[in-house]
Amino acid sequence: IDALVEALWGDAPPGRHRVSIRSYVSNLRQLLEPDRRRAEASMISPQPGAYTLHLPFGALDSWSFERDIDAAQEAVDPSLRLARVQRGLARWRGEPFAEAVGVGFADAARLRLLTLRRAAMELEIESLLDIGSVRESIAAAEAFVADDPLSEVGWRQVLVGLARAGREGGEEGAGRRGGAREERG
C-alpha cells in the first residue's frame, strides 16, 4: 500500500489516504469484474499491507511482447526467428507506462521494455540479413540508426546490408550519412 500511496501522492498523502486506496481498489474491481458478486473471488485480493492483482497469462500486452521476443531469441531457424520477432514488435504500442513517468516501479519496467524492444529490433535486422532480405534489412537498419545514431550494432547492420547488396558505403559513407563516427569517438 505504501508504494500506491507514493505513486499517487508522493510525500504529501491526504489524511484519509488508506480510505481513498480502498475506494480506488473497489472501483478498479468493478471495472475489471463488473459481473462479480461480492462473495466471489476477485482478481484483486487484499494482503497484509498490500493488494495482489491476479491476471491471466497474456492479459498484458507487455507479457505477450516479452513471450514473443523470448521465443524469437531461442529460435534457431532464421525464418521462424523473424516471424516471432515481428509478431512481438507488431504488439508494440507507443511508450510503455507513459502516464506513469517518474513512478519508480513504472520507470524500471519501462526501461526494461525499451531495452528489450531495442534488442528485438536488432534481432529483426539480423534475421532479415540471415534469410537474405537485404533491402529490408538495410531499410530497417537505417531507420534504427536514425532513431539511435550512436548505435554501433545498428551501424554494423547497415554496413553488412550494404556490403551484401554490393553497394558502396563503407564505414566512411555510413559515418557521413549519420555523423556517428565523430560522435562515438
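Note that the structure is a prediction, hence the values are computed from the model and not measured. (Residues numbered from 1 in each chain as written. Predicted model: local features only at pLDDT ≥ 70, side-chain atom pairs only at ≥ 80, totals over all residues. Heavy atoms only, no water.)

Caption draft 1: Representation of the overall build of the chain in the model. The helix and strand tally for the chain stands at nine helices and two strands. Starting at the N terminus, the α and β elements of the chain follow one another as α-α-β-β-α-α-α-α-α-α-α. Looking at the chain as a whole, 32% of its 185 residues qualify as buried. For the chain, long-range pairs separated by at least 24 residues make up 41% of all intrachain contacts whose partners lie at least 6 apart in sequence. Total accessible area on the chain is roughly 11,700 Å²; 52% of this is exposed by carbon and sulfur atoms. (Helix = DSSP H or I, 4+ residues; strand = E, 2+ residues; numbered from the N terminus. Buried < 20%, exposed > 50% of the residue type's maximum accessible area, 1.4 Å probe, protein only. Contact = heavy atoms within 4.5 Å. Areas by Shrake-Rupley, 256 points an atom, 1.4 Å probe, with all protein chains shown as cover.)

Caption draft 2: Molecular detail of the packing of helix α3 (residues 61-74) against helix α4 (residues 78-90). For the pair α3 and α4, interaxial distance at closest approach is 8 Å and the crossing angle is 165 degrees. One element, α3, and the other, α4, form an angle in the roughly antiparallel class. As α3 packs across α4, the resulting crossing turns out to be left-handed. Mapping the contact onto sequence places Phe65, Asp68, Ile69, Ala71 and Ala72 in α3 and Arg81, Arg84, Val85, Arg87, Gly88 and Leu89 in α4. Residue classes in the contact of α3 with α4 are distributed as six nonpolar, one polar and four charged. (Axes fitted to C-alpha atoms, helices over the stretch in contact; angles between N-to-C directions. Parallel < 35°, antiparallel > 145°, perpendicular 65-115°, else oblique. Left-handed = near helix turned anticlockwise from the far one by under 90°. Nonpolar A, V, L, I, M, F, W, Y, C, P; charged D, E, K, R; others polar.)

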